[in-house]
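Read off the chains here:
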Amino acid sequence: MDSGNPLGEFLRARREMTSPSRTGQPWSGRRRTPGLRREEVAQASGVSTDYYARLEQGRERHPSAQVVHALARALGLNPEETAHLHQLARTARSSVRRGGGAPVGPRLLRLMDGWHHTPALVIDRRLDVLAGNRLGRALFARMLDQGETNLVRFTFLNPDARDFYPDWERVARSGLAALRAGGGDLVNDARLTELVGELSLKSEEFRTLWARHDVRGKAHEAKSFNHHQVGELTLTYDSFTVDSATDQQLIVYQAEPGSASEQALALLGTVAADLPALPAVSLGDAPQARPVVRRNQDT
């Protein structure tokens, strides 16, 4: 991903976005570069400026866990960003890892297909939609009916996305932060590299937001939609991990009881009733696995 130096790129992006006042650094007048200077991060982390510069430049790829923790503290990272930094450091020391590829198991598909009032999708860490129940496919019909299965590609490259998502910018930022969080240890993953490369070439907005290196996994959030058949609705989603396929997440949407969104979702259910049931297995070449689902803990 990017230039092949994800650890250094993340450190530089976070350093340039960290206000000196946030970390207690004294203000020294006008700065030529945004955020903190390298020497300020190095001093606050207890390492030499030369060593820190080598980390950013990719000439040093094996910081200890203690150094990584000190860097996170110096940059004022939150717990999820700190975990991501540790993950990048571990990945730099480990062998190449590529993402999943396992199909969604038949038991999970049958479970989802029995949910008639809650849209549900299964996505992977690249934010590819692997499966969806009837209501989930009806909710995202504007994307899926065009043959698009990647949520980030749809958001940035399909003009319909700006109408489908009334709060497009927030959705775009959230999607990229989730892609960063999910792909942190996918080294030389061809599909992820191809996705990032395509979006970087075709969307200036993607390039700008991707360069921020924001990190936030999917857990719980409210999201607004403008559906072409039922109009506006606001749904909350919860994310669950599939323990037998750790690259997969189950995303379940709900409407507030008694709300106009609940009525719109019920109307969408009449549309979804005409869709075919999920197949016995989802697309994929890997062997089937029995899923065990657990709730992600919000951070």
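Residues numbered from 1 in each chain as written. Predicted model: local features only at pLDDT ≥ 70, side-chain atom pairs only at ≥ 80, totals over all residues. Heavy atoms only, no water.

## Considerations on the overall build of the protein
Stage number 1. Looking only at helices and strands, the protein has 14 helices and six strands in total.
Stage number 2. The burial tally for the protein puts 51% of its 299 residues in the buried class.
Stage number 3. Contacts in the protein between residues far apart in sequence, at least 24 positions, make up 63% of those at least 6 positions apart.
Stage number 4. In the form shown here, the protein has an accessible surface area of approximately 14,700 Å², with 50% of it arising from carbon and sulfur atoms. (Helix = DSSP H or I, 4+ residues; strand = E, 2+ residues; numbered from the N terminus. Buried < 20%, exposed > 50% of the residue type's maximum accessible area, 1.4 Å probe, protein only. Contact = heavy atoms within 4.5 Å. Areas by Shrake-Rupley, 256 points an atom, 1.4 Å probe, with all protein chains shown as cover.)

## Things to note about the confidence of the model for the protein
Stage number 1. Of the residues in the protein, 83% have a pLDDT of 70 or more, and the chain-wide mean is 84.
Stage number 2. Note that pLDDT drops below 50 for residues 280-299; the model gives that stretch 51 contacts with residues more than four away or on any other chain. (pLDDT = per-residue confidence, 0-100.)

## Let's talk about the packing of aromatic side chains
Two aromatic rings, taken as a pair, are described by how far apart their centres are and by the angle between their planes.
Stage number 1. Scanning the entire structure with this criterion turns up 13 aromatic pairs.
Stage number 2. Relative to Phe225, the ring of Phe164 lies with its centre 5.3 Å away and its plane at 50°, an arrangement referred to as tilted. Here Phe225 lies in strand β3 (residues 220-227) and Phe164 lies in helix α10 (residues 160-164), a separation of 61 residues in the sequence. Of the two residues, Phe164 and Phe225, both sit in the buried class.
Stage number 3. Summarising the aromatic geometry, the rings of Phe225 and Tyr253 are spaced 6.0 Å apart at their centres and angled 75° between planes, so their arrangement reads as edge-to-face. Taken as a pair, Phe225 in strand β3 and Tyr253 in strand β5 (residues 248-254) lie far apart in primary sequence, 28 residues in all. Neither residue differs from the other here; Phe225 and Tyr253 are each classed as buried.
Stage number 4. An aromatic cluster is present here, built from Phe140, Phe154, Phe164, Tyr165, Phe225, Tyr237 and Tyr253 joined pairwise through their rings.
Stage number 5. The ring centre of Trp168 lies 3.8 Å from the NZ or CZ of Arg162, which sits over that ring.
Stage number 6. The ring of Trp210 has Arg180 lying over it, and the distance from NZ or CZ to the ring centre is 3.6 Å. (Phe/Tyr/Trp six-rings, centres within 6.5 Å; stacked < 30°, edge-to-face > 60°. Lys NZ or Arg CZ within 6 Å of the ring centre and 35° of its normal.)

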